[in-house]
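For reference, the chains in residue letters:
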Amino acid sequence: MNSLVRQDLVDHDPMVVTGGRPRAWVISWYLMKIAFVSCALPWPGKLKCFLLRKFGATVGENLLLKPKVNIHLPWQLEIGDHTWIGEEVFILNFSAVTIGSHCCISQRAFLCTGNHDFRDPSMPFRNAPITVKDGAWVGAQSFIAPGVTIGTDAVITAGSVVLEDMPDNMICSGNPCRPIKPRWK
Amino acid sequence: MNSLVRQDLVDHDPMVVTGGRPRAWVISWYLMKIAFVSCALPWPGKLKCFLLRKFGATVGENLLLKPKVNIHLPWQLEIGDHTWIGEEVFILNFSAVTIGSHCCISQRAFLCTGNHDFRDPSMPFRNAPITVKDGAWVGAQSFIAPGVTIGTDAVITAGSVVLEDMPDNMICSGNPCRPIKPRWK
Amino acid sequence: MNSLVRQDLVDHDPMVVTGGRPRAWVISWYLMKIAFVSCALPWPGKLKCFLLRKFGATVGENLLLKPKVNIHLPWQLEIGDHTWIGEEVFILNFSAVTIGSHCCISQRAFLCTGNHDFRDPSMPFRNAPITVKDGAWVGAQSFIAPGVTIGTDAVITAGSVVLEDMPDNMICSGNPCRPIKPRWK
């Protein structure tokens, strides 16, 4: 194939990657994000939750959001109660990211909903949602691919690369990540 | 099991994760850290070493600490002489991290002492120390799990995920990381 | 071997790691970088391209450079037309990094040209260039090692660790990364 006939990635409709919000809204969130959420300053959790909700996120009770968390689009984010999100977590939610209650998303984990159809030279978006069910633990520096569901009470060990759905109640590990053994004795 | 009966991660005793220091001390370090150590500005190494020592770290001679290094708790950090630590290294030392002399911790490596007992629904901490012995090289973007000892003069190749101890004088690689061949000809 | 006889990593000739530019030039770039390129503020792409070119990069038309991209040495960087580089990408180009046209370097990818000869106790630099050919897609959170060439229209899936050359037109995956199947139907 001829790479010169390829449509530019940079020409993609911005409405696709902004979840339908106007550009001014997206920019407003971006500035709020870098001031209060993805920055290193330890702003109060209540302020961060307030901002997330104002920009359309559904956030339960008692979320603990550490500093330096990069949330791309709050209006495509749903988080349950008593969930914990660590430093340097990257939630790239071109599509919806749904995180349950009593979840732990550890430091440097990357939840990536962004994808392209690489079989088409124009690389159209093929984004897909990510779901992390109640009680699951997404380990440090793990990568969760577009379209993946992490089962209830599943454990993804640190450094894993999760390319497909992981079942409930299992410890899952590796690159690519596979279920290894039951979580509960 | 019923996730509603689960103890909140956010209720953990803060003294556990601060290594016994009072909250004001932890906050003081955090603010110093983001101003002078984890920030992008290339502050003089002498200033950074001075701060680390003031906050309880044991730091040898001639440490070279690049910008954007995230050191969680200096009072649980010991570094020997002539050691080099690269940009975006994350030292999450809820437990002690001990790095020897003549070590190289390359860019984006993550030394993670934080862990939970995931077989208990209340997810109690199960943190464990990390030791990197003299002359070892921890490669770029590698992950070192809680409790791991990297042997003397061992080499952890870039992108490896180290879940158990690695022996002296070996080149170690992969996810999970395994010893592959001797370092020295 | 005796680690006390080891030459210090910190004593390496700074000219090697700066690609022959004087120290003042390197520091000027570093300050420009943290103000306008690696920072979170969404400065206009034209400004970022202007700076990259002023500091010696060869940059084609229509480069889209997202915020928080860490480019070590622009005078050792060449990028073609219509290429897209995502947030938190780290281009550590002690040696030359050459990225073609219509490429996509996704979020958190790390192109690392830095290396040492670990068989020599003095750890001399053994840096090597990286080439990403036209139309290739380097997936999110992947790691590209020194000396690697990514073939034309190759796809490196997210979280892969690429330690050797990858062929044209193939989907490549894993740690270590291997060609898996043809890209085009």
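Residues numbered from 1 in each chain as written. Chains lettered and ligands numbered in written order. Predicted model: local features only at pLDDT ≥ 70, side-chain atom pairs only at ≥ 80, totals over all residues. Heavy atoms only, no water.

The name an unreviewed UniProt entry assigns to chain A is WcaF family extracellular polysaccharide biosynthesis acetyltransferase, from the organism Thalassobacterium maritimum. Quoted straight from UniProt, the Sequence similarities (unreviewed entry) entry for chain A says "Belongs to the transferase hexapeptide repeat family." (UniProt positions renumbered as here; feature names shortened; annotations may be inferred.)

A word on the relation of the copies chain B and chain A. Each copy of the chain is related to the other by a rotation around an axis and a translation along that axis. Mapping chain B onto chain A calls for a screw motion: a turn of 120° about the axis and a shift of 0.0 Å along it, with 0.0 Å RMSD after fitting. What we have between these two chains is a three-fold relation. The position closest to the rotation axis in chain B is occupied by the C-alpha of B:Asn175, lying 3.8 Å away. (Least-squares fit on C-alpha atoms with pLDDT ≥ 70 in both.)

So, on to the side chain of C:Ser106. For C:Ser106, the position within the fold is in the loop between strand S8 (104-105) and strand S9 (110-112). Residues contacting C:Ser106, with those up to four places away along its chain left out, are C:Trp84, C:Val89, C:Trp137, C:Val138, C:Gly139 and C:Ala140. (Helix = DSSP H or I, 4+ residues; strand = E, 2+ residues; numbered from the N terminus. Contact = heavy atoms within 4.5 Å.)

All names here are of chain A. The strand order S3-S6-S9-S12-S15 describes an open sheet built from five strands, whose pairing is parallel. In the strand order of this sheet, the two ends are held by strand S3 (70-71) and strand S15 (161-162), each with one partner. One ladder, built from three bridges, connects strand S6 (residues 90-92) with strand S9 (residues 110-112); its direction is parallel. Across the sheet, residue Leu-92 finds its bridge partner in S9, namely Cys-112. (Pairing = 2+ DSSP bridges.)

Interface extent is often summarised as the accessible area lost during association of the parts. Facing the 33 residues of chain C at the interface are 33 residues of chain A. In total, chain C and chain A occlude about 2,800 Å² of area from one another, counting both sides; carbon and sulfur atoms represent 59% of this. On the chain C side of the interface with chain A, the three residues burying the most area are C:His102, C:Arg108 and C:Trp137, jointly 21% of the side's total. The tally of links between chain C and chain A comes to zero salt bridges. Taken together, chain C and chain A are joined by eight residue pairs in polar contact (both at pLDDT 80 or more). Considered class by class, the residues forming the side of chain C that touches chain A number 15 nonpolar, nine polar and nine charged. (Buried area = accessible area lost by both parts, 1.4 Å probe. Salt bridge = Lys/Arg side-chain N within 4 Å of Asp/Glu carboxyl O. Polar contact = N/O pair within 3.5 Å; in protein donor to acceptor, adjacent residues only side chain to side chain. Nonpolar A, V, L, I, M, F, W, Y, C, P; charged D, E, K, R; others polar.)

What follows is about the interface of chain B and chain A. Each partner contributes to the interface: chain B provides 34 residues, whereas chain A provides 33 residues. For the pairing of chain B and chain A, the buried interface totals around 2,700 Å² over both sides, and the portion due to carbon and sulfur atoms is 59%. If you look at where chain B meets chain A, you find zero salt bridges. Of all the secondary structure elements, the ones that give two or more residues to the side of chain B that touches chain A are helix H2 (23-37), strand S6 (90-92) and strand S9 (110-112) of chain B. In terms of residue count, the dominant contributor to the side of chain B that touches chain A is H2(B) (four residues).

Residue and element names in this part refer to chain C. Of the pairings in the sheet, the one linking strand S14 (residues 155-156) to strand S16 (residues 170-173) comprises two bridges and is parallel in character. In the sheet register, Val-155 faces S16, and the bridge partner there is Ile-171. Pairing analysis gives four bridges linking S16 to strand S17 (residues 178-182), with the strands arranged antiparallel. Within S17, the residue paired with Ser-173 across the bridge is Arg-178. Counting the residues between successive antiparallel strands, the hairpin from S16 to S17 contains four residues, one of them, Gly-174, with a positive phi of roughly 105°.

Now for the packing of aromatic side chains. For any pair of aromatic rings, the description consists of the separation of the ring centres together with the inter-plane angle of the planes. Summed over all chains, the structure comprises 24 aromatic pairs over all chains. Consider the rings of B:Trp25 and B:Phe55, whose centres lie 4.9 Å apart with planes at 50°: the pair is tilted. Residue B:Trp25 is found in helix H2, and its partner B:Phe55 is found in the loop between helix H3 (45-54) and strand S1 (58-59); the two are separated by 30 residues along the sequence. In this structure B:Trp25 comes out as partly exposed when scored by relative accessible area, which is 29%. Seen from their ring centres, C:Phe94 and C:Phe125 are 5.9 Å apart, and the 50° between their planes marks the pair as tilted. Here the residue C:Phe94 occupies a position in the loop between strand S6 (90-92) and strand S7 (97-99), and C:Phe125 occupies one in the loop between S9 and strand S10 (130-132), the gap between them amounting to 31 residues. On the accessibility criterion, C:Phe94 (13% relative accessible area) is buried. Through a chain of ring-to-ring contacts, the aromatic side chains of A:Trp25, A:Trp29, A:Phe55 and A:Trp75 assemble into a single cluster. (Phe/Tyr/Trp six-rings, centres within 6.5 Å; stacked < 30°, edge-to-face > 60°. Buried < 20%, exposed > 50% of the residue type's maximum accessible area, 1.4 Å probe, protein only.)

So, about the sheet that holds S1(B). Residue and element names in this part refer to chain B. Taking strand neighbours across the sheet as the criterion, the five strands line up as S1-S4-S7-S10-S13 in an open arrangement whose pairing is parallel. Two strands bound the open sheet, and with one partner strand each, they are S1 and strand S13 (149-150). Both strand S7 (residues 97-99) and strand S10 (residues 130-132) contribute to a ladder of three bridges, which runs parallel. From the neighbouring strand, Ile-99 faces S10, where its bridge partner is Val-132.

Bringing the relation of the copies chain C and chain A into the picture now. For the pair chain C and chain A, the superposition axis carries a translation of 0.0 Å, the fit reaches an RMSD of 0.0 Å, and the rotation angle comes to 120°. Little of the interface of chain C is mirrored in chain A, where only 12% of its interface residues again form contacts.

Before going further, it helps to spend a moment on the environment of A:Gly147. Residue and element names in this part refer to chain A. With respect to the helices, strands and loops of the structure, Gly-147 is situated in the loop between strand S12 (143-144) and strand S13 (149-150). Along the primary structure Gly-147 and Arg-126 are separated by 21 residues, whereas in three dimensions their C-alpha atoms are 9.7 Å apart. Those residues in contact with Gly-147 that lie beyond four places of it in its chain are Ala-128, Pro-129, Ile-130 and Asp-165.

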